[in-house]
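# Structural description and commentary
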Amino acid sequence: MKRKSLLTPAHIEALKTKIAYLLSQKSYKREDLLRELNTPVFMLYDRTMRKLVEEMVITGEHCIASSETGYSIIRTKEEMEKAVEYLRKKAKPIAIRANCLIRNFNKQLPAAEQ
């Protein structure tokens with residue numbers, strides 16, 4: 001069952017604005033960015049923050065790189081190429097793992113049970 005988000009559209013926009021502002025100042029490791037976004041009144045989950053950053057990239061709002069060093073605003077073609085390379089390296093192991101799940105499922109359950 002999918003949990004309903006408690007974030008209103010206004011909260012989401014405010015968080016995206018703050019993320020953009022913080023990353024325009026410097027690069028942030030994921031846990032540091034999360035710490036900056038959290039307040040004593042509101043606790044943002046890591047997964048939610050990562051989803052917001054993903055949405056900002058997918059919708060074209062910002063060019064944000066994610067890497068082993070954290071998040072940063074992409075300002076040059078070289079930075080963009082490094083960010084793309086990083087994402088492509090992550091995609092291959094995920095695709096392999098997905099194919100292994102399919103193979104293992106097919107081995108463990110005879111076709112009649114599927």
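Below is a short write-up of the structure. (Residues numbered from 1 in each chain as written. Predicted model: local features only at pLDDT ≥ 70, side-chain atom pairs only at ≥ 80, totals over all residues. Heavy atoms only, no water.)

## A closer look at the packing of aromatic side chains
- Evaluation of the coordinates by the stated rule reveals zero aromatic pairs.
- In this structure, Lys-26 is placed above the aromatic ring of Tyr-28, and the distance from its NZ or CZ to the ring centre is 4.8 Å. (Phe/Tyr/Trp six-rings, centres within 6.5 Å; stacked < 30°, edge-to-face > 60°. Lys NZ or Arg CZ within 6 Å of the ring centre and 35° of its normal.)

## A look at the environment of Arg-35
- Its place among the elements puts Arg-35 in helix H2 (residues 30–37).
- Separated by 19 residues in sequence, Arg-35 and Glu-54 place their C-alpha atoms 18 Å apart. (Helix = DSSP H or I, 4+ residues; strand = E, 2+ residues; numbered from the N terminus.)

## Some words on helix H1 (residues 9–25)
- Taking 1.5 Å per residue as the helical rise, H1 with its 17 residues ought to reach 24 Å, and the 25 Å between its terminal C-alpha atoms agrees with that figure.
- For H1, the set of buried residues is Leu-15, Lys-16, Ile-19, Ala-20, Leu-22 and Leu-23. Buried residues along H1 cover an arc of 170° about the axis, so they all sit on one side. Counted as exposed and oriented over 90 degrees from the buried face of H1: Ala-10, Thr-17, Tyr-21 and Gln-25.
- In the core, the buried residues of H1 are packed alongside H2, helix H3 (46–58), strand S1 (64–67) and strand S2 (70–73). (Expected span 1.5 Å × (residues − 1). Buried < 20%, exposed > 50% of the residue type's maximum accessible area, 1.4 Å probe, protein only. Arc of directions from axis to C-beta. Contact = heavy atoms within 4.5 Å.)

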